[in-house]
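Here is how the chains run, residue by residue.
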Amino acid sequence: MNQDFDVNSAARNWRVETTPSASPLEVVNDLFASDVLTLEQLKARLSKSAHKSLQATVERGAQLDASIADTVALAMKTWAMEKGATHYTHWFQPLTGSTAEKHDSFLNPAGDGVAIMSFSGKELIQAEPDASSFPSGGLRATFEARGYTAWDPSSPAFIIRHANGATLCIPSVFASWTGEALDLKTPLLRSIEALNSAVTPALELFGASAGTRVSSSLGAEQEYFLIAEEYYYRRPDLVMTGRTLFGAQPPRGQELEDHYFGAIPDRVLSFMTDAEMQLYALGIPVKTRHNEVAPGQFEIAPIFENSNIAADHQQLIMQVLRTTARKFGLVCLMHEKPFAGVNGSGKHCNWSMSTNAGENLLEPGDTPHENMQFLFFCTAVLKAVDTHQDLLRACVASASNDHRLGANEAPPAIISIFLGSELTDIFDRIVSGQGGSGKSAGLMGLGSSVLPEIPVHAGDRNRTSPFAFTGNKFEFRAVGSSQSISFPITVLNAIVAESVSELTAELKAKLDAGQSLDDAVAEVVKGTYQKYQRIVFNGDGYSEEWHTEAEKERGLLNLRTTLDAVEQLNNDKNTALFGKLGILNERELGARQEIMFDIYFKTVNIEGETTEYMAQTQILPAALTYLADLGRVSGSKAAQGVTAEVSAAADELFDAIQALRTQNQTLGGEEVHEKAHHMRDHVLPAMGDVRTAADKLEKVVSSKLWPLPTYRQMLFVK
Ligand SMILES: NC(=O)CC[C@H](N)C(=O)O
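The present account deals with the structure reproduced in this document. (Residues numbered from 1 in each chain as written. Predicted model: local features only at pLDDT ≥ 70, side-chain atom pairs only at ≥ 80, totals over all residues. Heavy atoms only, no water.)

A surface patch of nonpolar side chains, amounting to about 380 Å² of accessible area, comprises Y233, V239, M240 and I606. Topologically, Y233 is positioned in the loop between α8 (229-232) and α9 (236-241). Residue class for Y233 comes out partly exposed when judged on its relative accessible area of 47%. (Patch = residues over 30% accessible without salt bridge, like charges linked within 9 Å, V, L, I, M, F, W, Y side chains within 5 Å. Areas by Shrake-Rupley, 256 points an atom, 1.4 Å probe, with all protein chains shown as cover. Salt bridge = Lys/Arg side-chain N within 4 Å of Asp/Glu carboxyl O. Helix = DSSP H or I, 4+ residues; strand = E, 2+ residues; numbered from the N terminus. Buried < 20%, exposed > 50% of the residue type's maximum accessible area, 1.4 Å probe, protein only.)

Listed below in structure tokens is the structure:
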């Protein structure tokens, strides 16, 4: 293969679409949410009473009135057809972590060569896909394959366009016939409800008005890589596994620190703009775009939204990025670690809680009263995170995220909280009973003798913490770039709901005993902070000392790999948590553990077999061909030297392939648990040995013979 030609064509293979982007005014006036069926849109299309009833369901969680389904379905169909949609689908999130859809046409034959377009309330409310081909973790035996999808009215329907038409997508839940959740959305919705039930009684103690509702809000920063499409399809590892299983380190990586926030390459910016226009039409408030740390790595981030909608939108962001990249001759890689030796990709989840009146409960406020409330909820988060370190680690566990967590570029596998020096100082002063005003400028009076002042903008930044307070929200940074955010949000909602409930009970007892709110809050905050303080760490999460301190001195968990973490998913504590909040019963939680082991096993198994296949059929032949070429000039000193090097590395590769083959065939046992451990303990190390030998060869075999695009090309050709 002629590598120079390869580079040229990859660099030029830019099929730019020249459709002009919408002007800012057009975006605001016409484009934004134009493909979303909002409640506002429905107002004009529904009777007053039907609209009111739907609104009560969407905004206040009232039970859906099935009698309005036919009118809503008619309105949806008319709107969707005006937008060019010919089909509809229940759009759901099975336990694969991605989305699923089965399209049905609106078209119905009406006899004698006539067809009509129809869509009934029944079809809107419920559909029945064959559940037998989705992961169920034993929840659904194959002989009772029935599962159903049901419309989630709290997330609006939307249109997905393709080159030849459009489809109406109806966000839905997916459950077994017995009502057990087979998806990621059902528990998420249950956890939002649990959070509301836990937080509103607390807010009442702080004087909130009746009718206050609380939900979590979420904004997820998506990191991703872009590489030339031409390279992608020449790399079986990328196509099969999403990451490179081979690749020598190029002379230059990210050490010049020149990519982060650098000027965005024109081709990439054009791609980003195209994707943004589509996301605007879907009502997704994407706000930020920039170059990330590694060459070829980028980020897109929306503003926070209600967490159920944010989870749907996050799936759409990934889908739009992936499909749009292709228009520009690029492929978008969402894997947590597509390239060894440079940064991987995360999906930092910015989580908070807010009321239906728009009050952010993690925002230090303008009044002493608001600040008391803020400290109470912030303390509840500390308690929740310390109590459930295992769950937070488990909900981000995957074979791909293992390459990222704990490496010196991403949050460590040890869960801790970064509070920032100002907020830590405040808690310290509460504990020491100092109260009063702080030292730093810009602090705002709290007007209470027992509580200190709160900085107006608390929160310096820390990039090494898995869980950081960033001024008015917590950033859960351990979440992986390819994963669905639904389960991490479910976990956050659940653990904070439990913690708020327990602290509210303490607070209430003190108030009932006649204490003032100020004094009672101060005592609860002080006691709780003292108890859970060990979870707060403001230093360098990458350092060796921290690992020792965290484990040995503080007794924090260090669940290094996915299998260690998933083991904890359904321990007694976690089963009790999800059970009492009505989020997942024991069987539903057990099924999720089973699926996580299974996906881990299958992922590494595919990687192991891809490694073996590429090494045997592509890399070893290139080395042998080169040895044969060298044999023709064996009289030369250079040829003899190179032959020795290539020959040694080729032998090493050959032996490593044999060893890997044995491990690939063994599988380690019958049970998924055994197979998963076999993958981690035997297949991954054997793959590593194959890679080491192959990467040595890449550096000595003629580039003309090398069968794979290299890091040098993939990361730098834009
Ligand atoms: N700039 C950053 O915050 C880098 C984050 C890093 N890429 C991660 O995996 O989390």
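What follows picks up the thread again.
Attention shifts here to a negative patch on the surface. On the surface, E359, E363, D366 and E370 cluster together into a patch of negative charge. Tracing the chain through its elements places D366 in the loop between β14 (347-355) and α12 (368-387). Here D366 falls in the exposed class, since its relative accessible area comes to 66%. (Lys, Arg positive; Asp, Glu negative; His and termini not counted. Charge placed at Lys NZ, Arg CZ, Asp CG, Glu CD.)

Moving on, we come to the site of the ligand. Close contacts around the ligand come from 15 residues, with E223, G344, H348, R404 and R463 the closest. Taking H348, its side chain carries an N or O atom lying 2.8 Å from an oxygen atom of the ligand. Within the contact set of the ligand, an oxygen atom lies 2.7 Å away from a side-chain nitrogen or oxygen of R404. In isolation the ligand offers 300 Å² of accessible surface; the protein chains occlude 96% of this area. Here the shell around the ligand is built from residues that sort into four nonpolar, five polar and six charged. (Near = heavy atom within 4 Å. Polar contact = N/O pair within 3.5 Å; in protein donor to acceptor, adjacent residues only side chain to side chain. Nonpolar A, V, L, I, M, F, W, Y, C, P; charged D, E, K, R; others polar.)

Turning our attention to unusual backbone geometry. Look at A33: it is not a glycine, yet its phi comes out positive at around 60 degrees. Turning to its location among the elements, A33 is positioned in the loop between α2 (24-31) and α3 (39-43). For A33, a relative accessible area of 17% translates into the label buried. Phi is positive for L667, which is not a glycine, with a value near 65 degrees. Structurally, L667 is set in the loop between α21 (637-666) and α22 (672-698). The partly exposed category is assigned to L667, whose relative accessible area is 24%.

Remember that the coordinates give geometry; whether it matters functionally is a separate question.
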